[in-house]
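# Survey of secondary and tertiary structure
Read off the chains here:
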Amino acid sequence: MSDTLFSKIIRREIPADIVFENAHVVGFRDLNPQAPVHVLFVPREPVPTLNDLRHDQAELAGQLLLAAAHYAREQGFAEAGYRTVINTNADAGQSVFHIHLHLLAGRTLSWPPG
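Notes on the structure in this doc start here. Everything numeric in this text was worked out from a predicted model, so none of it was measured. (Residues numbered from 1 in each chain as written. Predicted model: local features only at pLDDT ≥ 70, side-chain atom pairs only at ≥ 80, totals over all residues. Heavy atoms only, no water.)

As enumerated under the stated definition, the model contains seven salt bridges in all. Its salt-bridge partner being Glu13, residue Arg11 comes within 2.8 Å of it at the nearest N-O pair. Taking the relative accessible area as the measure of exposure, Arg11 reaches 32% and is therefore partly exposed. Between Arg54 and Asp56 there is a salt bridge, with the nearest N and O atoms lying 2.9 Å from each other. Judged by its relative accessible area of 46%, Arg54 is partly exposed. Within the structure, one salt-bridge network assembled from shared partners comprises Asp3, Lys8, Arg11 and Glu13. (Salt bridge = Lys/Arg side-chain N within 4 Å of Asp/Glu carboxyl O. Buried < 20%, exposed > 50% of the residue type's maximum accessible area, 1.4 Å probe, protein only.)

Next comes the structure, spelled out in structure tokens:
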């Protein structure tokens, strides 16, 4: 496994508020939340960016989306709505190069996001 901040969280070398976990994905609260609910969903298999995702890793991308949707239903805000975001590279705001999906909820989210 790579040695990113997220890999260290997955290995429990760095503490995090983990709110979701299955065989493929770990979800934890963002340290700098942009909404009342801001959870990062990270695959256990490290991939630096969406650009680096290979066709044979399509299930990994699906697992991120399914984990976020499951969490939203489980927490009771799926019907009210939520946003999912994957930032890719520096201009999009990616600061940890281990692909991850942001789930934002708990308030009305404006568009465009900024």
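On the basis of which strands lie adjacent, the open sheet formed by five strands has the order E1-E2-E3-E5-E4 and antiparallel pairing. The two strands at the open ends of the sheet, each matched to only one other strand, are strand E1 (18-21) and strand E4 (83-85). Between one strand axis and the next, the sheet turns by 20° as a mean value, whatever way the strands run. Docked against the sheet, helix H2 (residues 58-75) engages E1, strand E2 (25-29), strand E3 (37-43), E4 and strand E5 (101-105), running at close to 150° with respect to E3. (Pairing = 2+ DSSP bridges. Helix = DSSP H or I, 4+ residues; strand = E, 2+ residues; numbered from the N terminus. Axes fitted to C-alpha atoms, helices over the stretch in contact; angles between N-to-C directions. Contact = heavy atoms within 4.5 Å.)

What follows covers the pairing of E5. In terms of burial, E5 is largely enclosed, as five of its five residues are buried. Covered by surrounding structure in E5 are Leu101, Leu103 and Ala105 together with His102 and Leu104, the residues of both alternating faces. As defined by bridge partners, E3 adjoins E5 across five bridges and the pair is classed as antiparallel. Bridging from a neighbouring strand, His38 pairs with Leu104 of E5. Pairing of E4 with E5, which is carried by three bridges, proceeds in the antiparallel orientation. Bridge pairing in E5 places Arg83 opposite Leu104.

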